[in-house]
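Spelled out from the first residue to the last, the chains are:
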Amino acid sequence: MDVTMESQGYQVADFTVGCPAGTPGTGSAVMDAGVVRSGSFTISVDASDDSIRWALTVTRPE
């Protein structure tokens, strides 16, 4: 799967998660403070097959 994050029109993260058959795949991106601009952001997930199940967690430090 390809994962992309955009913040206010700028791409701030892009990474690939390998998903071997029968095994969970994991991936992550860690960004410095201020990289994600104040306001909304979008995350796109492009899986190679419609049968792939995925979940996403976004954590923001206080």
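Residues numbered from 1 in each chain as written. Predicted model: local features only at pLDDT ≥ 70, side-chain atom pairs only at ≥ 80, totals over all residues. Heavy atoms only, no water.

(A) Quick look at the layout of surface pockets. Considering only enclosed or pocket space, the largest pocket measures out at about 990 Å³ in volume. Together, 35 residues line the largest pocket, and Ala-29, Leu-56, Thr-57, Val-58 and Thr-59 are the ones closest to its centre. The set of elements that each furnish at least two residues to the lining of the largest pocket consists of strand E1 (2-7), strand E2 (10-16) and strand E3 (41-46). The element contributing the most residues to the lining of the largest pocket is E3, with 3 residues. Taken together, the residues of the lining of the largest pocket break down into 24 nonpolar, 8 polar and 3 charged. (1 Å grid on protein atoms, 1.4 Å probe; cavity = no way out; pocket = protein on both sides within 12 Å on 5 of 7 lines; lining within 4 Å. Points joined across faces, edges and corners; volume = space filled by probe spheres on them. Helix = DSSP H or I, 4+ residues; strand = E, 2+ residues; numbered from the N terminus. Nonpolar A, V, L, I, M, F, W, Y, C, P; charged D, E, K, R; others polar.)

(B) Spotlight on unusual backbone geometry. Non-glycine residue Gln-8 carries a positive phi angle of around 50 degrees. With respect to the helices and strands, the residue Gln-8 is situated in the loop between E1 and E2.

(C) Broad picture of the sheet that holds E1. Taking strand neighbours across the sheet as the criterion, the 3 strands line up as E2-E1-E3 in an open arrangement whose pairing is antiparallel. Of all the strands in the sheet, just E2 and E3 have a single pairing partner and so form its edges. Here the average twist between neighbouring strands, direction ignored, is 15 degrees. The pairing of E1 with E2 spans 6 bridges and is classified as antiparallel. Considered in E2, the bridge of Val-3 is made with Phe-15. (Pairing = 2+ DSSP bridges. Axes fitted to C-alpha atoms, helices over the stretch in contact; angles between N-to-C directions.)

(D) The side chain of Ser-7, seen in detail. Assignment of secondary structure puts Ser-7 in strand E1. A polar side-chain atom of Ser-7 sits 2.8 Å from the main-chain amide nitrogen of Arg-37. Ignoring sequence-local partners within four residues, the contact set of Ser-7 consists of Val-12, Val-35, Val-36, Arg-37, Ser-40 and Phe-41. (Polar contact = N/O pair within 3.5 Å; in protein donor to acceptor, adjacent residues only side chain to side chain. Contact = heavy atoms within 4.5 Å.)

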